[in-house]
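What follows is each chain in one-letter form.
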Amino acid sequence: MIPPASGGQEGTALRLRERSFGPEQRLVMAIVNRTPDSFYDRGATWDEAAAMERVHTVVGEGADIVDIGGVPAAPGAEVTVAEEIRRTVPFVAAVRAAYPDLVISVDAYRHQSAGELCAAGADLINDTWGGWDERLPEVAASCGAGLVCSHAGGLPPRTRPFRVEYGDVMADVLERTLALADRAVARGVDPSRVLIDPAHDFGKNTWHSLEVTRRLGEMVATGWPVLVSVSHKDFIGETLNAGREERLTGTLATSAVCAWLGARVFRAHQVTQTRQVLDMVSAIRGDRPPARAVRGLA
Amino acid sequence: MIAAAAICPPAPLLARELTGLDPVIPELRQACAAAVERLVRAGPEVIAVVGSGHRTSTWPADGRLNLAAFAPALGIRAALDPGPSPPLPLGLGARLLDEGGYRGPRVLRSVSHDAPAAACLRLGADLSCLGDRVGLLVMADGSACRSLRAPGYLDSRAAAFDAALERAGRGGDLGPLRAMDQGLARELLATARSGWQVLAGAMPGRAPATEILYADDPFGVFYLVAWLAGSA
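Residues numbered from 1 in each chain as written. Chains lettered and ligands numbered in written order. Predicted model: local features only at pLDDT ≥ 70, side-chain atom pairs only at ≥ 80, totals over all residues.

**Describing the overall build of chain A**
Now for step 1: From N to C terminus, chain A includes 10 helices and 10 strands.
Now for step 2: Here the C-alpha atoms of chain A give a radius of gyration of 18 Å, agreeing with the 19 Å that 2.2 N^0.38 yields for 298 residues.
Now for step 3: Projected onto its principal axes, the C-alpha coordinates of chain A cover approximately 60 × 45 × 40 Å.
Now for step 4: Classification of the 298 residues of chain A by burial places 48% in the buried group.
Now for step 5: Pairs at least 24 residues apart make up 67% of the contacts formed inside chain A by residues separated by at least 6 positions. (Helix = DSSP H or I, 4+ residues; strand = E, 2+ residues; numbered from the N terminus. Rg over C-alpha atoms; globule rule 2.2 N^0.38 Å. Buried ≥ 20, exposed ≤ 12 C-beta atoms within 10 Å, placed from the backbone. Contact = placed C-beta atoms within 7 Å.)

**Describing the overall build of chain B**
Now for step 1: A count of helices and strands for chain B gives seven helices and seven strands.
Now for step 2: Its helices and strands taken in sequence order, chain B reads β-α-β-β-α-α-β-α-β-α-α-α-β-β from the N to the C terminus.
Now for step 3: Across its three principal directions, the C-alpha atoms of chain B cover 45 × 45 × 30 Å.
Now for step 4: Taking as baseline every contact in chain B between residues at least 6 positions apart, the subset at least 24 positions apart corresponds to 77%.

**With respect to the pairing of strand S6 (residues 210-216) of chain B**
Residues in a regular strand point their side chains to alternate faces of the sheet.
Now for step 1: Across six bridges, S6(B) lies against strand S7 (residues 223-229) of chain B in antiparallel orientation. Counted as the bridge partner of B:Ile212 is B:Ala226 from S7(B). (Pairing = 2+ DSSP bridges.)

**So, the nonpolar core**
Now for step 1: In terms of nonpolar packing, the biggest core is built from 82 residues, with B:Ala5, B:Ala35, B:Leu136, B:Leu137, B:Val138, B:Leu199 and B:Val225 touching the most fellow members.
Now for step 2: What B:Leu199 contacts, discounting residues up to four positions off in sequence, is B:Ala5, B:Gly124, B:Leu136, B:Val138, B:Leu174 and B:Leu177.
Now for step 3: If you look at the next biggest cluster of nonpolar residues, it comprises 77 residues, including A:Leu14, A:Val106, A:Val189 and A:Phe266. (Core = buried A, V, L, I, M, F, W, Y, C linked by C-beta atoms within 7 Å.)

**A short note on the pairing of S7(B)**
Residues and elements named next belong to chain B.
Now for step 1: Within S7, six of the seven residues are buried, leaving the element largely enclosed by the surrounding structure.
Now for step 2: With four bridges connecting them, strand S1 (residues 2-8) and S7 associate as antiparallel partners. The residue bridging Ala 6 from the neighbouring strand is Trp 227, located in S7.
Now for step 3: Where S6 folds back on S7, the antiparallel hairpin that results is connected by six residues, among which Gly 220 adopts a positive phi of roughly 85°.

**Brief notes about helix H7 (residues 193-202) of chain B**
Now for step 1: When you tally the buried positions in H7(B), you get 10 out of 10 residues, the bulk of the element.
Now for step 2: Along H7(B), the residues classified as buried are B:Arg193, B:Ser194, B:Gly195, B:Trp196, B:Gln197, B:Val198, B:Leu199, B:Ala200, B:Gly201 and B:Ala202.

**Details of the sheet that holds strand S4 (residues 65-69) of chain A**
Note on sheets: strands pair through backbone hydrogen bonds, and any given pair is parallel or antiparallel.
All names here are of chain A.
Now for step 1: Within the open sheet, the eight strands sit side by side as S8-S7-S6-S5-S4-S3-S10-S9. Their pairing is parallel. The outermost strands of the open sheet, each flanked by one partner alone, are strand S8 (194-197) and strand S9 (227-229). Averaged over all adjacent pairs, the angle separating strand axes in this sheet is 25°, with direction ignored.
Now for step 2: As paired elements, strand S3 (residues 27-33) and S4 share five bridges and run parallel to each other. Bridge assignment links Asn 33 to a residue of S4, and that residue is Gly 69.
Now for step 3: Its contacts with the sheet place helix H1 (residues 48-60) against S3 and S4, and it is angled at close to 165° to S3. (Axes fitted to C-alpha atoms, helices over the stretch in contact; angles between N-to-C directions.)

**Quick notes on the environment of A:His269**
Now for step 1: On the secondary structure map, A:His269 appears in the loop between strand S10 (265-268) and helix H10 (271-285).
Now for step 2: For the pair A:His269 and A:Ser229, spaced 40 residues apart in sequence, the C-alpha separation works out to 9.8 Å.

**Quick look at helix H5 (residues 158-171) of chain B**
Residues and elements named next belong to chain B.
Now for step 1: A rise of 1.5 Å per residue sets the reference length of H5, with its 14 residues, at 20 Å; its end C-alpha atoms lie 20 Å apart and thus fit the reference within 8%.
Now for step 2: Those residues of H5 that fall on the buried side of the exposure criterion are Ala 158, Phe 161, Asp 162, Leu 165, Ala 168 and Gly 169. Here the buried residues of H5 occupy an arc of 115° about the axis, which is enough to place them on one side. Exposed residues on H5 whose side chains face more than 90 degrees from its buried face are Ala 160, Ala 163 and Arg 167.
Now for step 3: Gly 172 lies just past H5 and shows a positive phi near 80°. (Expected span 1.5 Å × (residues − 1). Arc of directions from axis to C-beta.)

**Considerations on the sheet that holds strand S2 (residues 46-53) of chain B**
All names here are of chain B.
Now for step 1: Reading across the sheet, the seven strands line up as S3-S4-S2-S5-S1-S7-S6 and stay open at both edges, with mixed pairing between neighbours. Strands with a single pairing partner mark the edges of an open sheet, and in this sheet they are strand S3 (57-59) and S6. Going from strand to strand, the sheet's axes swing by 15° on average, the running direction of each strand aside.
Now for step 2: Bridge count between S2 and strand S4 (residues 106-112): seven bridges; the pairing is parallel. Bridge pairing in S4 links Val 49 to Leu 108.

**Notes on the packing of helix H5 (residues 169-186) of chain A against helix H6 (residues 206-214) of chain A**
Residues and elements named next belong to chain A.
Now for step 1: Contact geometry for H5 and H6: axes closest at 9 Å, N-to-C directions at 70°. As judged from the angle between their axes, H5 and H6 are roughly perpendicular. Judged by the twist between their axes, the crossing of H5 over H6 is right-handed. In contact with Val 169, Met 170 and Val 173 of H5, H6 contributes His 208, Glu 211 and Val 212.
Now for step 2: Among the residues forming the contact of H5 with H6, the class breakdown is four nonpolar, one polar and one charged. (Parallel < 35°, antiparallel > 145°, perpendicular 65-115°, else oblique. Left-handed = near helix turned anticlockwise from the far one by under 90°. Nonpolar A, V, L, I, M, F, W, Y, C, P; charged D, E, K, R; others polar.)

So this is what it looks like as structure tokens:
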């Protein structure tokens, strides 16, 4: 196991916007896509009114963070920076206007769009592509935003893994994400606003994603807050031989294991179910009391 | 001589932490707090906390409720008090005194579930002689068989059993408690039977004044919160 990073301290607070979240808190990050073709929702919130309705819904369901993205992860038609900005910046501004206190994350990997999004009110840059654009930390630092440092195994954005191999996938995840976190802090990002993410499926086959799940505790032990994004992903589909509409159970099971191992932010499509899983795991861990306990106590 | 007595149920859910995020039954806690406040206001020189337990014993006066026994995740006791904890009724009673701001002398006495009536009555008489003005906090409740969802399921005898307790508390005549049916009490999960009989031994005459602050069975267990004036 790689030694803990110098920048993180176990159990420190995560700061997002004006709020501070302790290590015992588990946060739901609700996915809101401004794309016509994302793998799970397939354009359900491509229409801006539908996207705003989705925000109202997830906030009502108890989402702690919304994650707004305009570029699908999968390969496909090019989405230029200008198009990404057109899809997402006015929408982020509208969400910010509607919810002044809501933590807004943006699923963006290019510094030009990330900068515009932060200016429009985003608090966190969720860079799924492993720091491919080296200028992202500057943007986060200058805006006072946070940064998610993920592991994509060195793949360029919007590419699929092809015969990827690792001597030790978790060692590679730790090496790359910790280097990104240290780079972010060195370039001025507030260390209490930095997260690391193993990025399931990104640059990984199913075996690799299962391995990083099993060994997630090694990421947690570095002290950096760990974000996981597993919702309906292919490694769950392959593991359970489940189609895209049949992966919720696997998603929730994986979320429970990650929560048990100490992950703190959970990027999810289903907020209510994820919230229940996290509350249940928090109660089992002893971090949260039951909602109401009477059995055997009368 | 008994200056005053308070009766509160030894239900774990009196401890606010144990019910989780939901206070569940704040009115019961308020009633207990009010009863203890009146007890303290009577100006006792010592308060004896009495409750049923596995054995008859005197416990250290600084003994406190072992919350961890009911909710290991709360894990509070180990850090504060590594010694043996008093039985639940005494721990809850001590907590009520703490919450009521009582800092005077206290005695924690448990009485065995199986103690015969005579022993209970004698213990009550002994406690009444602890001083000229003794306060008594009796941690006792009724049956646990009052509904289909009750801990002991529904038993048709429970209502009459509990009515006798309420009548005694309301009227201040504890004489009938001297003859409580030990076997029936056991069958109705009325584990506080011995505590009631200690109270009867401590207050042999009719209490000059009483007040019932709570009488209900929200979970199929009969809870009575009462205050009784003594003759001291």
